[in-house]
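# Examining the three-dimensional arrangement
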Amino acid sequence: MGAHVRAGDRQIWTEQVGQGPDVLLIGGLGDTVESWQFQLDGLADRYRLTAFDNRGAGRTPMPAEGATVAGMADDAAAVLEALGIGSAHVAGFSGGSLISQELALRRPDLVRSLVLQSTWAALDPYFRAWGHFVEWLVDNASDERTFLESFFLWIYTPRAHNDGTVAAFIDEVVAFPHKQSAEDVHRFLADIWHYDSTERLPGISAPTLVLAGGVDPTARPHLGRAVADLIPGARFEVWETESHQPFQEVPDRWNARVDAFWQEVAARAGTPHPRAADDEHPSPDRPPAPSARGG
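Just so it is clear, the model here is predicted, and its values are computed rather than measured.

### Some points on the sheet that holds strand β8 (residues 235–239)
Where strands meet in a sheet, backbone hydrogen bonds hold them as pairs that are either parallel or antiparallel. One open sheet holds the eight strands; their spatial order is β1-β2-β4-β3-β5-β6-β7-β8, and the pairing between them is mixed. Lying at the two open borders of the sheet, with one neighbouring strand each, are β1 (3–7) and β8. With direction set aside, neighbouring strand axes in the sheet form an average angle of 25°. Of the strand pairs in this sheet, strand β3 (residues 22–26) and strand β4 (residues 48–52) are connected by four bridges, and their pairing is parallel. What sits directly across from L25, in β4, is A51.

In structure tokens:
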């Protein structure tokens, strides 16, 4: 069960599960802790995982000053400090990957390593045009289900649409009681569209793994490669058959990959992580159950 964590004058909804080295999971647009459910379930046997609702999403209220990438990075830092976590492996996707970048730049002492899923340093014209379409869709979709059916076309693979996975996701999102207002979506997006970390990324010192989906129509692989090229020593991988959120579509594969990366980071630091009994034999990808939010 989650609870609100007091972070300065803010109340941030947070969930923590598992035992072991600390991991902080940071979501994107409208995303709540439930978007990371496959990681909270699949990695808790070897890590202590913390996830939180971004400001204006789920159970974390939007503060009067609104939402900026820098402010949400400060929220992430405040969550770690409130929970007494000195440093953590940090993983973020989409807009959450920008928050993760910013956290590593603002508070390198808190970031043991970075996993950036579906990330970018700055929008190109195509991505910016898509962002304006999302803003239009927020205001003009006839209802939530219609919005999600359209928005998720850019988030999940055709495979997930055809096998019923996306329909199940949509049912769960529609049933989720803690809705993000249209106003808060716009407040989140307003800063995201103008974010540009290009000149500052060489200042990230944490070991970094950048993952991109080969069929992601939004955060296309060349945008992730540009991030990896700018971060010293970063690794870059394209998963050719995946889209924006493989941590939900192929969670076992994603969990195994980031676990191996974290194990390697720990080994290089001379502090090996505990290993699960089946680490040498990762399970095949399972069909995902619904999660609360995508995007």
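### Looking at the pattern of salt bridges
If you walk through the whole model with that rule in mind, you get 23 salt bridges. Here D171 ties to R145 by a salt bridge, and the two come within 3.1 Å at their closest N and O atoms. You can see D171 sitting in helix α7 (residues 165–175) and its partner R145 sitting in helix α5 (residues 144–151), a full 26 residues away along the chain. Look at R145 and you get partly exposed, because its relative accessible area is 34%. Overlapping salt bridges bring together D9, R10, R55, E65 and D75 as one network.

### A few points about helix α3 (residues 95–106)
Between its first and last C-alpha, α3 extends 17 Å over twelve residues, near the 16 Å set by a 1.5 Å rise per residue. Of all the twelve residues making up α3, ten are buried; the element is thus mostly covered by neighbouring parts of the structure. For α3, the full list of buried residues reads G95, G96, S97, L98, I99, S100, Q101, E102, L103 and A104. The secondary structure elements touched by the buried residues of α3 are β3, α2 (69–82), β5 (88–93), β6 (111–117), α8 (182–192) and α9 (221–230).

Each value, and the rule that gives it
- Residues numbered from 1 in each chain as written.
- Predicted model: local features only at pLDDT ≥ 70, side-chain atom pairs only at ≥ 80, totals over all residues.
- Heavy atoms only, no water.
- Pairing = 2+ DSSP bridges.
- Helix = DSSP H or I, 4+ residues; strand = E, 2+ residues; numbered from the N terminus.
- Axes fitted to C-alpha atoms, helices over the stretch in contact; angles between N-to-C directions.
- Salt bridge = Lys/Arg side-chain N within 4 Å of Asp/Glu carboxyl O.
- Buried < 20%, exposed > 50% of the residue type's maximum accessible area, 1.4 Å probe, protein only.
- Expected span 1.5 Å × (residues − 1).
- Contact = heavy atoms within 4.5 Å.

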